Amino acid sequence: MSQNRRDFLRHSVCAAVGMTSLASTVFDLRRVASACSSDTGYKALVCVFLYGGNDSNNVIIPRDSGYAAYAAARGNLALSLTDPNAPVLPINPINAGGRQWALHPSLKGLQGLFNTGRAGLIANVGPLVAPVTKTAYDNGTAALPPQLFSHSDQTMHWQTAIPDQAPRTGWGGRVADMVDCLNGNHNISMSISLDGENTYQVGNQVTQYQVSAGGTIDMSGYRQPVPDDINHPPSVALRKLLAKSYGNLFQSGYRDVVKRALDNNALLSTALAAESPLATAFPDNNYLGDQLKMIARLIHIHSALGLNRQVFFCSAGGYDTHGDELNAHTDLLTELDGALTAFNAAINEMNLANSVTTFTASDFGRTLLSNGDGSDHGWGSHHFVMGGKVAGNRIYGGMPDLTIDGPNDSGDGRWIPTTSVDEYSATLAKWFGVTNTDMATVFPNLGRFSNPDLGFML
């Protein structure tokens, strides 16, 4: 728990956001206390956030007559349909309507999951205040999320699903608030982050709990009680401080937070140490894979933690590919594919395929037009959903017309989203146990869109 000044400020800001959300929020807390799904089986929702803005124009490409428009616009960023050294990977969506598509050469594992029905693609998703047409965008009458094409703003919009309100909570946090009643007598939070604080998991009642890819994050220099602790006086001194009574509410509150953190750390460390090892191998030198491996372990011990519902967050960076895109994107997607494929195998090993759903998100897509060596900030993008309850081998939503200045282009091949983050997220939340009655509480703008359930969850 040793911190530098920057880390302290980050933690303080996150805490301030959490405290503010208690006083002012879209939630009606009285309903949170009483709302609970009748679906009591185990489920986990895993968010994989790709920071920087994934260029999904090269995640999935046309391999039919639409390829010509794609290649002409992408120029030096276009993937080849005929390169024997880096062949694109055909997929055969059930609902392709005669179209033919292929995935990036690095996505071999996801190609297999897609074609066998264990993964689906959600097309042209992005933050929206309300549906937007090309005409309304061009003439300035469309209601738009603020600060389009900004990393920080679009990340916030993705993780809150409330782009037209001051962010108080994340949609993952609001979902956790709604379904935490399905958990048993538990101490560890149902919301666990493998990559530090995030807005997605900020809730009113459920607080995100952070662990590292290597396990729990210990307080530097602290030891749990042992029979003879005379050689560790700082630990003894801290425990004496925690055992004291304090008349000051701030002091007693701070004591309770520290004590709970230490107790939870000990509980989780013990549970992980007692876990039967998984046989599934994860790729080496893969930061995202390391995070997903720990998530798999935390899912493996969910019963020992008393949890029937878990919300996880992990991430990978580097997707802001303004330069050297072809090489950088190949490496990024290789990391993503290896991590997701191994995670799927680990979940299958636990016989929990129907209980775990994994989905990707990112700041935004990128321009179809090249800037010379890369692409610039975009808007709508395409995302994977993976799991045994995903109605896979399908593309959901509408793939954009890849014509520059065409019906989906807001400029330079920045696609106006045809599916909102609200619709994408609400479909996941419904599977996870948020009732139809409470959906508008979790996603207050959902009623503005036509597809509150996109149908990709069985």
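Remember, predicted model here, so these are calculated numbers, not experimental data.

Student: Describe the state of the cysteines, with residues and values.
Tutor: Throughout the structure, instances matching the rule amount to one disulfide. Through a disulfide, Cys-36 is tied to Cys-181; the S-S separation comes to 2.1 Å. The sign of the S-S torsion, about 110°, decides the handedness of the disulfide formed by Cys-36 and Cys-181: right-handed. Of the two residues, Cys-36 sits in the loop between helix 2 (29–34) and strand 1 (43–50) while Cys-181 sits in the loop between helix 7 (171–179) and strand 6 (191–193), which places them 145 residues apart along the sequence. Using a relative accessible area of 35% as the deciding quantity, one classes Cys-36 as partly exposed. Exposure remark for Cys-181: the relative accessible area of 39% places this residue in the partly exposed category. Unpaired in terms of disulfides, Cys-47 finds its nearest cysteine sulfur in Cys-314, a separation of 7.3 Å. A residue is classified by how much of its surface remains accessible, and Cys-47, at 2% relative accessible area, is buried.

Student: Report on the packing of helix 4 (residues 108–115) against helix 11 (residues 325–349), specifying residues and quantitative values.
Tutor: Following both chains from N to C, one finds helix 4 and helix 11 inclined at 45°, their axes separated by 7 Å at the closest point. Classified by the angle their axes make, helix 4 and helix 11 are oblique. For the pair helix 4 and helix 11, contact is made by Lys-108, Gly-109, Leu-110 and Leu-113 and by Asp-337, Leu-340, Thr-341 and Asn-344, respectively. Partitioning the contact of helix 4 with helix 11 into residue classes produces three nonpolar, three polar and two charged.

Student: Just give me the short version of the pattern of salt bridges, but keep the residues and values in it.
Tutor: Under the counting rule described, the total for this entry stands at ten salt bridges. Between Arg-74 and Asp-55 there is a salt bridge; the shortest N-O distance is 2.9 Å. Residue Arg-74 is found in helix 3 (residues 67–74), and its partner Asp-55 is found in the loop between strand 1 and strand 2 (60–62); the two are separated by 19 residues along the sequence. A single burial state applies to Arg-74 and to Asp-55, both of which are buried. A salt bridge links Arg-99 to Asp-64; the shortest N-O distance between them is 2.6 Å. Of this pair, Arg-99 sits in the loop between strand 3 (89–91) and strand 4 (101–103) while Asp-64 sits in the loop between strand 2 and helix 3, placing them 35 residues apart in sequence.

Student: Describe the packing of aromatic side chains, listing the residues and the values that go with them.
Tutor: If you walk through the whole model with that rule in mind, you get 16 aromatic pairs. Summarising the aromatic geometry, the rings of Trp-171 and Phe-443 are spaced 5.7 Å apart at their centres and angled 50° between planes, so their arrangement reads as tilted. Taken as a pair, Trp-171 in helix 7 and Phe-443 in the segment after helix 13 (436–442) lie far apart in primary sequence, 272 residues in all. Grouping residues by exposure puts Trp-171 and Phe-443 together as buried.

Student: Help me get a handle on the side chain of Glu-275, residues and values and all.
Tutor: Note on placement: Glu-275 falls in the loop between helix 9 (249–273) and helix 10 (287–300). Here Glu-275 falls in the buried class, since its relative accessible area comes to 13%. A distance of 3.2 Å separates the side chain of Glu-275 from the side chain of His-300, its partner in a polar contact.

Student: Residue-level account of the sheet that holds strand 2, with values.
Tutor: Spatial strand order, 2-4-3: three strands in an open sheet with antiparallel pairing. Strands at the two margins of the open sheet, each flanked by one partner only, are strand 2 and strand 3. Each strand of the sheet is rotated relative to its neighbour by a mean of 40°, with strand direction disregarded. Packing of helix 4 onto the sheet brings it into contact with strand 3 and strand 4, and relative to strand 3 it is tilted by some 15°.

Student: Please set out the confidence of the model for the protein chain residue by residue, giving values where relevant.
Tutor: With 89% of its residues at a pLDDT of 70 or more, the protein chain shows a mean pLDDT of 90. Within the model, the stretch residues 1–34 combines pLDDT values under 50 with 45 contacts to residues more than four positions away or in other chains.

Student: Can you explain helix 10? Please cite residues and give values.
Tutor: Between its first and last C-alpha atoms helix 10 spans 20 Å; for 14 residues at 1.5 Å apiece the expected length is 20 Å, and the two agree. Burial in helix 10 covers these residues: Leu-288, Gly-289, Gln-291, Leu-292, Met-294, Ile-295, Ala-296, Leu-298 and Ile-299. The inward-facing, buried residues of helix 10 abut strand 1, strand 6, helix 9, strand 8 (309–316), helix 11 and strand 9 (356–362). Near the N-terminus of helix 10, the side chain that reaches the backbone nitrogen of Leu-288, with its oxygen 3.3 Å away, is that of Asn-286.

Student: Any details on the nonpolar core? Residues and values, ideally.
Tutor: One broad rule of soluble globular proteins: the nonpolar side chains tend to lie buried together. One finds Leu-292, Leu-298, Ile-299, Phe-343 and Tyr-424 to be the most contacted residues of the largest nonpolar core, which totals 95 residues. The element best represented in this core is helix 11, accounting for nine residues.

Student: So, the packing of helix 7 against helix 12 (residues 421–432): which residues are in play, and what are the values?
Tutor: Where helix 7 contacts helix 12, the two axes come as close as 11 Å, and the packing angle between them is 20°. With respect to helix 12, the element helix 7 is oriented roughly parallel. Helix 7 and helix 12 meet at a crossing whose hand is right-handed. Two secondary-structure elements touch here, helix 7 through Trp-171, Val-175 and Val-179 and helix 12 through Ser-425, Leu-428, Ala-429 and Phe-432. Considering only residue class, the contact of helix 7 with helix 12 consists of six nonpolar, one polar and no charged.

Cut-offs and rules
- Residues numbered from 1 in each chain as written.
- Predicted model: local features only at pLDDT ≥ 70, side-chain atom pairs only at ≥ 80, totals over all residues.
- Heavy atoms only, no water.
- Disulfide = S-S within 2.5 Å.
- Helix = DSSP H or I, 4+ residues; strand = E, 2+ residues; numbered from the N terminus.
- Buried < 20%, exposed > 50% of the residue type's maximum accessible area, 1.4 Å probe, protein only.
- Axes fitted to C-alpha atoms, helices over the stretch in contact; angles between N-to-C directions.
- Parallel < 35°, antiparallel > 145°, perpendicular 65-115°, else oblique.
- Contact = heavy atoms within 4.5 Å.
- Nonpolar A, V, L, I, M, F, W, Y, C, P; charged D, E, K, R; others polar.
- Salt bridge = Lys/Arg side-chain N within 4 Å of Asp/Glu carboxyl O.
- Phe/Tyr/Trp six-rings, centres within 6.5 Å; stacked < 30°, edge-to-face > 60°.
- Polar contact = N/O pair within 3.5 Å; in protein donor to acceptor, adjacent residues only side chain to side chain.
- Pairing = 2+ DSSP bridges.
- pLDDT = per-residue confidence, 0-100.
- Expected span 1.5 Å × (residues − 1).
- Core = buried A, V, L, I, M, F, W, Y, C linked by side-chain atoms within 4.5 Å.
- Left-handed = near helix turned anticlockwise from the far one by under 90°.

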